[in-house]
Amino acid sequence: MPTVLQNIFSFIFLVLFQVLVLNNIQFLGYINPYLYILFILTLPVQMPRWFLLILAFILGISIDIFSNTLGMHAFATVFVAFFRDGIVKLFTNIEEGNNPTPSFYTFGVSGYIKYIVVIVLIHHATLFTLEAFSFVHFWILITKILLSSLVTILLILGIQSIKTK
Amino acid sequence: MKNLINFLIQYSVVFLFLLLEIISFSLIVKNQEYQKSVFLTSSNSMVSGMYEWSNSVVEFFKLRAANDNLSEENTALKNQIINLQNKLSTLKPEASDSIHFRIPPEMEYRFISAKVINSSTNKLLNYITLNKGSIDGIKIDMGVISDEGVVGIVKTVSQRFSVVIPVLNPKSDISCKFKRNNYSGGLIWSGEDYRYASLTDIARHVELALGDTIVTSGYTSSFPEGIPVGNIEDFKIKESDAYYKIKVKLSVNFHTLSHVKVINYLNFQQQKDLEKKSEEQL
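Residues numbered from 1 in each chain as written. Chains lettered and ligands numbered in written order. Predicted model: local features only at pLDDT ≥ 70, side-chain atom pairs only at ≥ 80, totals over all residues. Heavy atoms only, no water.

The subject of this paragraph is the overall build of chain B. Helix and strand counts for chain B stand at five helices and 12 strands. By the burial criterion, 38% of the 282 residues in chain B qualify as buried. Counting only carbon and sulfur atoms, one obtains 57% of the accessible surface of chain B, whose full area is about 17,300 Å². (Helix = DSSP H or I, 4+ residues; strand = E, 2+ residues; numbered from the N terminus. Buried < 20%, exposed > 50% of the residue type's maximum accessible area, 1.4 Å probe, protein only. Areas by Shrake-Rupley, 256 points an atom, 1.4 Å probe, with all protein chains shown as cover.)

So, in structure tokens, the structure goes:
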């Protein structure tokens, strides 16, 4: 039960933090981190997939409503949520019946970093491609994806390494 | 039949995934017709109310800059008053009762001041939300300016809020001209940097210089003539091109935008009706 409450709280906190603080960060015109994806990353591994998808959709659409980009964040978030299980299996070997919450301790440092990097890159690539809706400014798009992903990844790793559990 | 049901159960997650993605995608596509989604965007009063609250905190830190701007504007206006008074006093002896003063109809404007409560500069499609709406007399297609220059055009209006398409949006197309020689072209944003936009349709025979001032042309009824837009930062022309590529440094800093004025052109409807009528007669 406490984990459910904790997750509801972190959902609200991440949405507000994203909308009120991070969306106003426009360093060099390229860097706009999307930290809210951390919510999907920290849900327990064995969570039913249909529930994960619906949570991802609600998360994405909440961000969308606040940032005038109806559908874009929802699309990207549902997209990574669908591939999350596969990516977890790829980088870690969790025994049957275990249901750990992803972190440095349960995945191992290198496994966890790989997991974060792949998911954040997929999410940002989907999101920025949808936003541009064309490949006309291809190199700008690539720079935006890489720089923003880098900042998001660093933020997530920083937050996760502070957490003690 | 049983096989079909088994199949559906086995792949239910995939179907849910596809369903959610299709919903999201159709929302994105539908969103291109911006008006349809006003209900779910920041014209929505709850979201706007929250932004207004967050903005009231941030605004405090911008007070100093706003004060500087206001005092500058104040002095400019005072100077203008003195100039006009001087002109008036020189005209007075000649002006008998028979001559009465009349404002030209295209200059009849009123300003509605408004505050920016949400804006972005780093997206490809940027929007600005204002805290005034139809109650305060704002209508679609009105122009929006700040003390520094042109901001954008009102696109959607709810009762208490309105959304502006700023210059920083490829959908905006504002007609501009050179202050020096009146050649006009369209201002388009390339999507890279919130400080610069580009000016199109300037033919190669036009004489340009770096730093030339660009102002609104007054051909669209949203803006009166002569509101500053920016200065030429750089221009290029290839041997084979018929038109210049001109990079314009925008005079408005969209990053720190907070107080704006919406232009209410009093003869808008009359002008539109007349133009429509003459088109129909042809």
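Another aspect to go through is helix α4 (residues 72-91) of chain A. Residue and element names in this part refer to chain A. For α4, which comprises 20 residues, the first-to-last C-alpha distance of 28 Å matches the rise-based estimate of 28 Å (1.5 Å per residue) to within 8%. Along α4, the sharpest kink reaches roughly 40 degrees, centred on Arg84. Of all 20 residues that make up α4, 14 are buried, and the element is covered over most of its length. (Expected span 1.5 Å × (residues − 1). Bend = angle between axes of the 7 residues up to and from the residue.)

To continue, consider the environment of B:Asp193. In this fold, B:Asp193 is placed in the loop between β7 (184-188) and β8 (196-199). For B:Asp193 and B:Asn122, which are 71 residues apart along the polypeptide, the C-alpha to C-alpha distance reads 7.7 Å.

If you walk through the whole model with that rule in mind, you get six salt bridges over all chains. With a shortest N-O distance of 3.6 Å, A:Arg49 and A:Asp85 are connected by a salt bridge. With a gap of 36 residues between them, A:Arg49 in helix α3 (residues 49-67) and A:Asp85 in helix α4 connect regions that are remote in the sequence. For A:Asp85, a relative accessible area of 14% corresponds to the buried category. Residue B:Glu225 is joined to B:Lys177 by a salt bridge in which the shortest nitrogen-to-oxygen separation is 2.4 Å. Of the two residues, B:Glu225 sits in the loop between β9 (213-216) and β10 (228-236) while B:Lys177 sits in strand β6 (residues 174-178), which places them 48 residues apart along the sequence. Look at B:Glu225 and you get exposed, because its relative accessible area is 53%. (Salt bridge = Lys/Arg side-chain N within 4 Å of Asp/Glu carboxyl O.)

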